[in-house]
Every structure is written in C-alpha cells, then in structure tokens.
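# Descriptive structure summary
So you can see what is in the structure, the chains are spelled out below.
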Amino acid sequence: MEYLILSMSLLAVGVYGLVTKRNLLKMLISIEIIAAAASMNFAIFASTAGDKLGQAFLMLALSVDTAMTAIVIALVLVAYRELKILDIWDLSKLREK
Amino acid sequence: MFPYEEILAVALVVSAFLAVHLENTMHAVISFGSMFTVLSALYFALNTPFAALFQLIIAVGTVAVFFLAGEMLTPKTKIHQKLRNKVLGAVIAVGLSLPSILLDLQPDTLMNPHNLSFSSALWEYRALDVIAQGVVILVLALGAATVLKERRREG
C-alpha cells in the first residue's frame, strides 16, 4: 500500500470540500482534512527513514493547526452571533455594502 | 506489512469524504471524529506511536469543539439527505482510496536517519521551535479570548 497516494487522496477530498461547500463549519472541516493530509507526510517519511525527527515535526504542526482551529471557530461564532451568517458568500457580500 | 492497513485506508478516505459530503452538521462532525481515529490507527501501523497518541489526544479536543460549535450553529430544522446520495458519496470515496491500495511508488531517494530518541529529537534539535511554538499558541489563545471578550462587552 502507498501512503503518499493516500495522503494525496485525503488532500483531494479536502480541496473538494473547500471548493464546493459554502458553510463556514464545513469549510473549516475541509481545511482540517487538508492539514491532516499534509501532516500525514511527516509520519510517512519518519516511518520510511526510521527517524524520530519527523514525529517531532508532526507534533509541532498539529499543535499550531489546533490553535488555528480554535481562533477560526471563535471568529465563526462571532460572525454567527453578530450577523446570523454561516454562508461564506453572504459574508463576502457584506464587503460590498 | 499489516493486513489491516488497506481497510484503514478505505475507512480514512470514506470518513473524510462523508465529513464533507453529509448535509447534517452533527453527522459530519461524527464522521470527522472517526476520520481522526482511523488516522491515529494508521500512524500506529506506520510505527510512529508518539504521532498516533498525539493525534488521538488532539482529535478528542478538536472534535469536542466542533460538536459544540455544530450544536450551537446548526438550525433546528431537520435536513433530509437522500440515502442514495449518501451511498453514492461513500462509493466515490472508496474509488478515491483505491489508487493508494493498487499503485506502488518506488522512491529511489536515500534517507539518512539520525538515530535519535524522540525526546532528543524534540528538545535538542527542535528546542527553539518548541519554545517559539509555545509563544504562537499563547498569542492565538489570547486572540481567541479577545475576540470573544469584545463581543461580550458589546452585548
């Protein structure tokens, strides 16, 4: 089995979600899937090389990714509470007003 | 070679696809959580136990936050998505996972392992990164707190 191709499949699923969905939560889930696909490569190459350094990088990447998710969810919550908007197109229309 | 790797690969892509494809947000979050669990199992299969454990711990926190956000932000009206549509999504996802099972890359890149223990890899080679990352996470946490506090003050 080829893990690199699996990682690319996961990336394709994430990009599909990011392009086709308009719901902010769904878009955030898609971004998380893309991040998981990217960080999976660290584990793959760490396993191939038998090196622990890749796992250390993976931990760093996952921590920053989770912190980023927290702040984006805070922004989504504020956008919903203030404007009752969960659709990215409606949110972008505000710029024109 | 682990015999269950192929099943995990298919489950990973199917759960990721359903997390994006399902209309009901709570079902999508459940699928997203199962994707993280399967990913963690794949990391164990790759013989990277630290990554697997960390992924699992991170997944618990992330999925809990998504559950809360999904529950708060989802309208209470019922969303009907046809079963045929869901099954079609799962079939497409199985098709997407097949190349990783059937194809085989032959990399001819030489890799020179450092033969480090995990703790020395983290604290001797990447110590500055870890400290810098702590600062980044602190700033992000303060940012999230500020965003939510501003709203409360205005309310």
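Before reading on, note that the structure itself is shown above.
These numbers were taken from a predicted model, which means no experiment stands behind them. (Residues numbered from 1 in each chain as written. Chains lettered and ligands numbered in written order. Predicted model: local features only at pLDDT ≥ 70, side-chain atom pairs only at ≥ 80, totals over all residues.)

Another aspect to go through is the nonpolar core. Ranked by size, the top nonpolar core spans 57 residues in total, and within it A:Leu10, A:Ala43, B:Leu12, B:Val13, B:Ala16, B:Phe17 and B:Ala19 carry the most contacts. Breaking this core down by element, the ones donating at least two residues are α1 (3-20), α2 (24-49) and α3 (53-83) of chain A together with α1 (5-21), α2 (25-45), α3 (49-73), α4 (83-102) and α5 (118-125) of chain B. Counting residues per element, this core draws most heavily on α2(A), at 12 residues. Apart from the residues lying within four places of it in its own chain, the contact partners of B:Ala16 are A:Leu10, A:Val13, A:Ile33 and B:Met35. (Core = buried A, V, L, I, M, F, W, Y, C linked by C-beta atoms within 7 Å. Buried ≥ 20, exposed ≤ 12 C-beta atoms within 10 Å, placed from the backbone. Helix = DSSP H or I, 4+ residues; strand = E, 2+ residues; numbered from the N terminus. Contact = placed C-beta atoms within 7 Å.)

Turning to the interface of chain B and chain A, a few remarks are in order. Across the contact, 56 residues belong to chain B and 51 residues belong to chain A. Taken together, the elements giving at least two residues each to the side of chain B that touches chain A come down to α1, α2, α3, α4, α5 and α6 (127-154) of chain B. The dominant element in the side of chain B that touches chain A, judged by the number of residues it contributes, is α3(B), at 11 residues. In terms of residue class, the side of chain B that touches chain A is built from 37 nonpolar, 13 polar and six charged. (Nonpolar A, V, L, I, M, F, W, Y, C, P; charged D, E, K, R; others polar.)

On to the packing of α1(A) against α1(B), then. In the contact formed by α1(A) and α1(B), the axes pass within 9 Å of each other and the chain directions differ by 5°. Classified by the angle their axes make, α1(A) and α1(B) are roughly parallel. Between α1(A), through A:Leu6, A:Ser9, A:Leu10, A:Val13, A:Tyr16 and A:Gly17, and α1(B), the contact on the second element is made entirely by B:Ala9, B:Leu12, B:Val13, B:Ala16, B:Phe17 and B:Val20. Grouping the amino acids of the contact of α1(A) with α1(B) by side-chain chemistry returns 10 nonpolar, two polar and no charged. (Axes fitted to C-alpha atoms, helices over the stretch in contact; angles between N-to-C directions. Parallel < 35°, antiparallel > 145°, perpendicular 65-115°, else oblique.)

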